[in-house]
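Coordinates in review
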Amino acid sequence: VLGTPADVEARLTYGVGFRVGGVVADRYLIYGRFGWVRTNAEASHISIGTKDEDFDGFRFGGGVEGKFGSVGVRAEYTYTTYEDPGITGWDIDANQHLFRIGVAYYF
């Protein structure tokens, strides 16, 4: 039924990725990230009921890491573009932007 709400919920995501980069000023690591991702999602709508769908995608982005004494800090951005899952009558734009910040203590 057109105009009725639909719901898509990601359940499990896994993949393989690579980081390629280099050290700058003996303290910072700048890198690019790329890889393949698969996400299993549950899609539900009044017209189709509930379906499990797998979305394949490609992830790319970059980040920087720095070490200050015994503390490490990382900031990273990635973008994942997923293929259209091909559910008849649905136009799903399932792309993802992800920004992460991390702190580590080295002892």
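From a predicted model like this one, the values you see are computed outputs, not experimental measurements. Throughout this document, residue positions are counted from 1 along each chain, in the order its sequence is written. Predicted model: local features are reported for residues with pLDDT of at least 70 only, side-chain atom pairs are reported and counted for 80 or more only, and whole-chain, interface and lining totals are derived from all residues. The side-chain figures draw on all heavy atoms in the structure; neither hydrogens nor water molecules are used.

Brief notes about the pairing of strand 5 (residues 96-105)
Among the 10 residues of strand 5, zero are classified as buried, and the element is accordingly described as predominantly exposed. Both strand 4 (residues 71-82) and strand 5 contribute to a ladder of 10 bridges, which runs antiparallel. Residue pairing for strand 5: Y79 is matched across the bridge by H97. Residue exposure (1.4 Å probe, protein chains only): buried if accessible area is under 20% of the type maximum, exposed if over 50%, otherwise partly exposed. Under the scheme used here, helices are H or I runs from DSSP no shorter than 4 residues and strands are E runs no shorter than 2 residues, and both carry numbers assigned from the N terminus. When DSSP finds two or more bridges between a pair of strands, those strands are recorded as paired.

Some remarks on the pairing of strand 3 (residues 49-68)
Two elements, strand 2 (residues 28-45) and strand 3, share 18 bridges in a ladder whose sense is antiparallel. Bridging from a neighbouring strand, Y31 pairs with G63 of strand 3. Looking at chain direction, strand 3 and strand 4 are connected through 12 bridges and run antiparallel. Bridging across to strand 4, G66 finds its partner in V73. Between strand 3 and strand 4, which follow one another and run antiparallel, lie two residues, and G69 among them has a positive phi close to 70 degrees.

Comments concerning the side chain of T80
Take T80: it is sitting in strand 4. Here the side chain of T80 touches R59 through a polar contact of 2.8 Å, side chain to side chain. Two residues form a contact once any of their heavy atoms are found within 4.5 Å. If sequence neighbours within four positions are ignored, T80 has contacts with V37, F58, R59, N95 and Q96. Think of a polar contact as two N or O atoms within 3.5 Å of one another; within protein, one of them needs to be a possible hydrogen donor and the other a possible acceptor, and neighboring residues in sequence only count if both atoms come from side chains.

Some remarks on unusual backbone geometry
The backbone of A25 sits at a positive phi, close to 55 degrees, despite the residue not being glycine. Following the sequence through the fold, A25 ends up in the loop between strand 1 (6-24) and strand 2. In this model, D26 sits at a positive phi of 55 degrees, which is unusual for a non-glycine residue. The topology assignment puts D26 in the loop between strand 1 and strand 2.

Shape descriptors only; they carry no functional weight alone.
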